[in-house]
Amino acid sequence: MNNINPMVTTIVQEIMIAENDTAAWRQELIRNQIFNAQEARDLSEREISLIHHALLTQRFSKLNSDELMAQADKYNLQYHVQFEEDQLQMGAIGY
């Protein structure tokens, strides 16, 4: 399994908090034909939330760095990378 970019995790968490609307998420699952209307009605709010979280994570994991930064800006997230002093050389090589 691939590791999830921490920036993706942060953006998804912010969206889940800012747009906490399980009814809208349920309708989105129906609209995108992931579930039919009856199946979507049978899902609990927790299940809807978990599915929405997974779909957002999947969608944002496909974005490149610039697209992720644009999404972070959209949700007014301040995101920065901080390296520990002893990892500065390793961090500089990583970039």
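Refer to the structure printed above.
Cut-off values and rules
- Residues numbered from 1 in each chain as written.
- Predicted model: local features only at pLDDT ≥ 70, side-chain atom pairs only at ≥ 80, totals over all residues.
- Heavy atoms only, no water.
- Helix = DSSP H or I, 4+ residues; strand = E, 2+ residues; numbered from the N terminus.
- Axes fitted to C-alpha atoms, helices over the stretch in contact; angles between N-to-C directions.
- Left-handed = near helix turned anticlockwise from the far one by under 90°.
- Contact = heavy atoms within 4.5 Å.
- Nonpolar A, V, L, I, M, F, W, Y, C, P; charged D, E, K, R; others polar.
- Phe/Tyr/Trp six-rings, centres within 6.5 Å; stacked < 30°, edge-to-face > 60°.
- Lys NZ or Arg CZ within 6 Å of the ring centre and 35° of its normal.
- Buried < 20%, exposed > 50% of the residue type's maximum accessible area, 1.4 Å probe, protein only.
- Lys, Arg positive; Asp, Glu negative; His and termini not counted.
- Salt bridge = Lys/Arg side-chain N within 4 Å of Asp/Glu carboxyl O.
- Core = buried A, V, L, I, M, F, W, Y, C linked by side-chain atoms within 4.5 Å.
- Expected span 1.5 Å × (residues − 1).
- Arc of directions from axis to C-beta.
- Polar contact = N/O pair within 3.5 Å; in protein donor to acceptor, adjacent residues only side chain to side chain.

Positive phi values are uncommon outside glycine, yet Q33 reaches one of about 60°. Following the sequence through the fold, Q33 ends up in the loop between α2 (22-31) and α3 (37-42).

Further remarks concern the packing of α2 against helix α4 (residues 45-61). Interaxial distance between α2 and α4 falls to 10 Å at its minimum, and their mutual angle equals 65°. At the point where α2 passes α4, the crossing takes the left-handed sense. Of the residues in α4, those touching α2 at T22, W25, R26, E28 and L29 are E45, I48, S49, I51, H52 and L55. The residue makeup of the contact of α2 with α4, split by class, is five nonpolar, three polar and three charged.

What follows covers the packing of aromatic side chains. The full count for this structure, using the stated rule, is zero aromatic pairs. The cationic tip of R59 hangs over the ring face of F60; the distance from NZ or CZ to the ring centre is 4.7 Å.

So, on to the side chain of R26. Tracing the sequence through the fold places R26 in helix α2. E45 is the oppositely charged side chain nearest to the buried, salt-bridge-free R26, at an N-O distance of 5.4 Å. Non-local contacts of R26, meaning those with residues more than four positions away in its chain, are made with A40, R41, L43, S44, E45 and I48.

Below, the discussion takes up the nonpolar core. Among soluble globular proteins, nonpolar side chains are generally buried collectively. Ranked by size, the top nonpolar core spans 16 residues in total, and within it I11, V12, I15, L56, F60 and L68 carry the most contacts. Elements that contribute at least two residues to this core include exactly α1 (6-18), α2, α4 and α5 (65-74). With six residues, the single largest contributor to this core is α1. Setting aside anything within four residues of it in sequence, one finds L56 in contact with V12, I15 and M16.

With that settled, the discussion passes to α4. The terminal C-alpha atoms of α4 lie 24 Å apart, and with 17 residues this matches the ideal 24 Å at 1.5 Å per residue to within 8%. If you check which residues of α4 are buried, you get I48, H52, L56, T57 and F60. Buried positions in α4, seen along its axis, are confined to an arc of 165° and lie on one side of it. Contact partners of the buried residues in α4: α1, α2, α3 and α5.

As a further point, take α1. Taking 1.5 Å of rise per residue, 13 residues should cover 18 Å, and α1 covers 18 Å from first to last C-alpha, within 8% of that figure. In the core, the buried residues of α1 are packed alongside α2, α4 and α5. The N-terminus of α1 is capped by N5, whose side-chain oxygen sits 2.7 Å from the backbone nitrogen of M7.

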